[in-house]
Structure formats: C-alpha cells, structure tokens
Amino acid sequence: MSEDTTLGLEITAAGPATTGGRLPLSELARIAGEFQSTLERIALGRTGESPQSGRRRKAVVEAVRLEIRGFRPGSAILTVERAAHDALFGHELLAQSLDDLHVGTDAIINGNPDALPASFSMPVLDGLLRMCGGIADSSVATVDFRVKGQSLLHIDQAFRDAVRSMRTSRHYDEATIVGRLQMGDFAPSTLRCRIDTLDASIVCDFDESLRDEVLAAMDSMVIATGRAEYGIDRETIRVLVLVELTVVAESSRKSFAELASEQGIAPVTDLSDFFPNESVEDDDFERFLNAAMSARGE
C-alpha cells in the first residue's frame, strides 16, 4: 500500500439516515473528522510524540492528512484520498498508521489488549468512542472503511461496546471532582456536560447509561468520579469521562422576602422614617460635617 500513490479509501454509511444516498452534515463532520483525528493520534504515537491535545508537529499531521474527493449514493459513500503535500515522512507514515488502525481495531473486537499496537493510546480509544457516538439503528447503523476494496474498519453498536470495554480495562488516571453541574449537551453523538469547581470549569463526557443521571443533576452540586485526560502539564484535567455521579445535598435556599420576614425588615413607605425623632444640635451637625469632609480630603 505504501508503494502506491493513491489511497483508494471509501467510507460507506448505512442506515435510515442515509436513505436515498444522503447523509446528515453533522454525521459527515463527526465521522470524517474523528477518523482524521484518530489517524493523527496514531501517527503521533508512532513518532514518539504525545497524542494529547495541544500543538502537533506539522510534518506528522500533513503526512496523514486526507481529503474528500467524492460522494455518491449507494447508501452514502465518501471517496477519500491523500492530500497533496511534501511531508517529511512521505507516504510511509500514513500507510503505517492505517496498518496500526486495522491491527488495533481487530484487537478491540477480539478483546485482546495485548495485541494493541503501541500507538493505540488512551486518546486513540477515546476518539474511536466519539466516532461511534452517533451509531444507532434509527439513524446511521453502520459505517464501513475500505481501502482498495479491503476492509479496514467496520463500525456498529457491537464495535462501540467493544471499544468501551477495552477503554475501561486499560490503565487510566482516576480523578474525583466536586462542583456544580452545568450546560449539558444530550445529543446522542455528543453527551457532554460541564462541572464548575472552585478554580476551574471541567468538560465531562458520559455515555448513554449515565444520561438520565446527568440530566436529573443539572444545576446541582455533585461529586463526579471518572477517567481523567490531563493537559500537557499533567495537572490540569482537560476532559473527565464520567463513571460515577453523586448529587450533594445542599442547605435549602430562601428568597429575599423570606429572609426579610425572618429579620422583621419591611419596605420604607414614609420618608419621615429616615428623620430622627429628636432634633440634632448645631454643634453635633458641625462635627459630623467636618468629619465627612475630612474623609473626602477637604
């Protein structure tokens, strides 16, 4: 494959959402975008660089960059080719990354973590999960990737379950945070929320099994435990993949009216309430005025 200048990659989506050879733009962006990002992460792993979010070496990204060259009905078929570039790595890195993807996804399907290539890092597995996020019998049921007629990757609900199982079985950094749960996105392909702690806002991913819990806990204080994906500094949590969520009981909140009633405070209805009951001596007023002007530097 590395000797041929053409790639010959076809991506075929099938399911009710592709009737008539159509494909929702959101699904096209998600599938193609995550596939490209997955290849970049694998390529970075092969060259010894971190696949975590952040600036990526241009030569590596360019070596695996792909372009959509055509779309035709069948179910919904995308034709993809290499992008034109003068990358340092030539075509070899793309071929090697595709080989790793094929070997790695076979290992996932067979439940054999020992067969995963070294380039299959946690971010690669997370990217595959996101690629599978919108798979459903009612929309896009399957996505097939074929290179020159040979199967590279078949995505369906069973593959998504296998990726999730593999992701859970591998080592990860567990983290627990406490904060207020905010801004949930419950679209099937996204399933994301935000938890605001005392010093940071942390993006959290979750799967369908936690959807109802997250929805019920919106705007509540929560204790969230999950798999943490850290930034380059290894201290800042970039994404937390939720595993467990507990709502923290808070003291009841009272309205201003309730607090005012408890303290015997009522609105002022007569300006005379501001006037003293007794007259103020001229000397007292003079001393007050002098003190006030002095505080203003006059």
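Preceding this section is the structure that the text describes.
Values in this document were obtained by computation on a predicted structure and should not be read as measured data. (Residues numbered from 1 in each chain as written. Predicted model: local features only at pLDDT ≥ 70, side-chain atom pairs only at ≥ 80, totals over all residues. Heavy atoms only, no water.)

Visitor: Teacher, can you tell me more about the environment of F186 here?
Guide: Structurally, F186 can be placed in the loop between β6 (174–185) and β7 (192–196). Take F186: its relative accessible area is 17%, and that puts it in the buried class. Measuring from C-alpha to C-alpha, the distance between F186 and D207 comes to 9.8 Å, with 21 residues separating the pair along the chain. Beyond its immediate stretch of four places on either side in the chain, F186 contacts L191, F206, R211, V214, L215 and M218. (Helix = DSSP H or I, 4+ residues; strand = E, 2+ residues; numbered from the N terminus. Buried < 20%, exposed > 50% of the residue type's maximum accessible area, 1.4 Å probe, protein only. Contact = heavy atoms within 4.5 Å.)

Visitor: Just to check I follow, could you spell out a nonpolar patch on the surface for this structure?
Guide: Taken together, the side chains of F285, F288 and L289 present a nonpolar region at the surface, about 320 Å² in accessible area. Along the chain, L289 falls in helix α8 (residues 282–295). Its relative accessible area of 35% is what places L289 among the partly exposed residues. (Patch = residues over 30% accessible without salt bridge, like charges linked within 9 Å, V, L, I, M, F, W, Y side chains within 5 Å. Areas by Shrake-Rupley, 256 points an atom, 1.4 Å probe, with all protein chains shown as cover. Salt bridge = Lys/Arg side-chain N within 4 Å of Asp/Glu carboxyl O.)

Visitor: Please clarify how the sheet that holds β6 should be interpreted in this entry.
Guide: Sheet strands associate in pairs through backbone hydrogen bonding, adopting either a parallel or an antiparallel arrangement. The five strands lie next to each other as β6-β7-β8-β10-β9, forming a closed barrel whose pairing is mixed. Between one strand axis and the next, the sheet turns through 55 degrees on average, direction left out of account. Where strand β8 (residues 201–205) lies against strand β10 (residues 237–247), three bridges are found, and the strand directions are parallel. Looking across to β10, one finds that V203 is bridged to V239. (Pairing = 2+ DSSP bridges. Axes fitted to C-alpha atoms, helices over the stretch in contact; angles between N-to-C directions.)

Visitor: What's the story with the nonpolar core in this structure? I'm lost.
Guide: For soluble globular proteins, the rule of thumb is that nonpolar side chains tend to be buried together. Grouped together as the largest cluster of nonpolar side chains are 44 residues, with contacts concentrated most on L9, F35, I108 and F145. The residues contacting F145, other than those within four sequence positions of it, are L9, E10, I11, I31, F35, M131, Q150, S151, L152, L153 and I155. Of all hydrophobic cores here, the second largest spans 21 residues; its members include C204, V214, L240 and L245. (Core = buried A, V, L, I, M, F, W, Y, C linked by side-chain atoms within 4.5 Å.)

Visitor: When you look at the packing of helix α4 (residues 122–131) against helix α5 (residues 157–169) in this model, what are you seeing that I'm missing?
Guide: Packed helix pairs are specified by the crossing angle of their axes together with the interaxial distance, meaning the distance between the axes. Interaxial distance between α4 and α5 falls to 9 Å at its minimum, and their mutual angle equals 155 degrees. It follows from the interaxial angle that α4 and α5 lie roughly antiparallel. Crossing handedness for the pair α4 and α5: left-handed. For the pair formed by α4 and α5, the contact residues are M122, L125, D126, L128 and L129 on the first element and R160, V163, R164, M166 and R167 on the second. Looking at side-chain class alone, the contact of α4 with α5 contains six nonpolar, no polar and four charged residues. (Parallel < 35°, antiparallel > 145°, perpendicular 65-115°, else oblique. Left-handed = near helix turned anticlockwise from the far one by under 90°. Nonpolar A, V, L, I, M, F, W, Y, C, P; charged D, E, K, R; others polar.)

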